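Chain by chain, the residues run as shown.
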Amino acid sequence: MDAKKAAILGEIPRLRRYARSLLRDRDSADDLVQDCLERALVRLDNWQTGESPRRWLFTIMHHLFIDQMRKVNRRGEGAMLPLEAGEAQAAPAEQVESIASREIIDALQAISPDRRAALVMVAIEGFSYAEAANILGVPAGTLMSRIARGRDELRGLLDDAARRRAIRIVEK
């Protein structure tokens, strides 16, 4: 039992990163991770020993996220809080890499949750298309379509951000 718990604890940083990509609010993301870990520990017998708990935990987290979104949609409440410019970074970035990273994160947060989840699973978390499709509970073709559309949407958002940045530089 202790080896299983240790393996699950080792996945917490990845779970937090994925939860924060799904939810824009740090506290909500931490709550989602806690709910995921709680459910995993209660259902520890469902995980087969010898396998990495990563795919199992991500599946649990994704299902919890979908349940949470459905609950919020039924109640008519706002699901995610938009990031304000002041919340995104405390001090203005002075390096180009920091600005580019912030623009990518902002653009990723601006795309739809389905596309964002697909992109994060494959591009950031390193799951194969088959694994990510299994975790998200969609056919592989649907996952590939979401990734392609998400990448297109990201490109458009990042092109707009680059244009706005260029306009600001010219105006100064």
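Whatever comes next refers back to the structure up there.
Below: a short report on this structure. Computed from a predicted model, the values in this text were never measured in an experiment.

As for the nonpolar core
If you look at soluble globular proteins, the nonpolar side chains tend to sit buried side by side.
Consideration 1: Of all hydrophobic cores here, the largest spans 40 residues; its most connected members are Leu15, Tyr18, Leu32, Met61, Met121, Leu136 and Leu143.
Consideration 2: Of all the secondary-structure elements, those providing two or more residues to this core are α2 (12-22), α3 (26-42), α4 (54-75), α6 (96-110), α7 (113-124), α8 (129-136) and α9 (140-171).
Consideration 3: Ranked by residues supplied to this core, first place goes to α4 with eight residues.
Consideration 4: Residue assignment places this core across two domains, with domain 1 (1-92) and domain 2 (96-172) each supplying three or more.

Quick word on α3
Consideration 1: Taking 1.5 Å per residue, 17 residues should reach 24 Å; α3 reaches 24 Å between its end C-alpha atoms and fits that length.
Consideration 2: Along its buried surface, α3 packs onto α1 (2-10), α2 and α4.

Topic: the packing of α2 against α4
Consideration 1: For the pair α2 and α4, the least separation of the axes is 11 Å and the interaxial angle reads 30°. Looking at the two axes, α2 sits roughly parallel to α4. Judged by the twist between their axes, the crossing of α2 over α4 is right-handed. Residues Arg14, Leu15, Tyr18, Ala19 and Leu22 of α2 pack against Arg54, Leu57, Phe58, Met61, His62 and Phe65 of α4.
Consideration 2: In terms of residue class, the contact of α2 with α4 is built from eight nonpolar, one polar and two charged.

Analysis parameters
- Residues numbered from 1 in each chain as written.
- Predicted model: local features only at pLDDT ≥ 70, side-chain atom pairs only at ≥ 80, totals over all residues.
- Heavy atoms only, no water.
- Core = buried A, V, L, I, M, F, W, Y, C linked by side-chain atoms within 4.5 Å.
- Buried < 20%, exposed > 50% of the residue type's maximum accessible area, 1.4 Å probe, protein only.
- Helix = DSSP H or I, 4+ residues; strand = E, 2+ residues; numbered from the N terminus.
- Domains from an automatic or database assignment.
- Expected span 1.5 Å × (residues − 1).
- Contact = heavy atoms within 4.5 Å.
- Axes fitted to C-alpha atoms, helices over the stretch in contact; angles between N-to-C directions.
- Parallel < 35°, antiparallel > 145°, perpendicular 65-115°, else oblique.
- Left-handed = near helix turned anticlockwise from the far one by under 90°.
- Nonpolar A, V, L, I, M, F, W, Y, C, P; charged D, E, K, R; others polar.

Shape descriptors only; they carry no functional weight alone.
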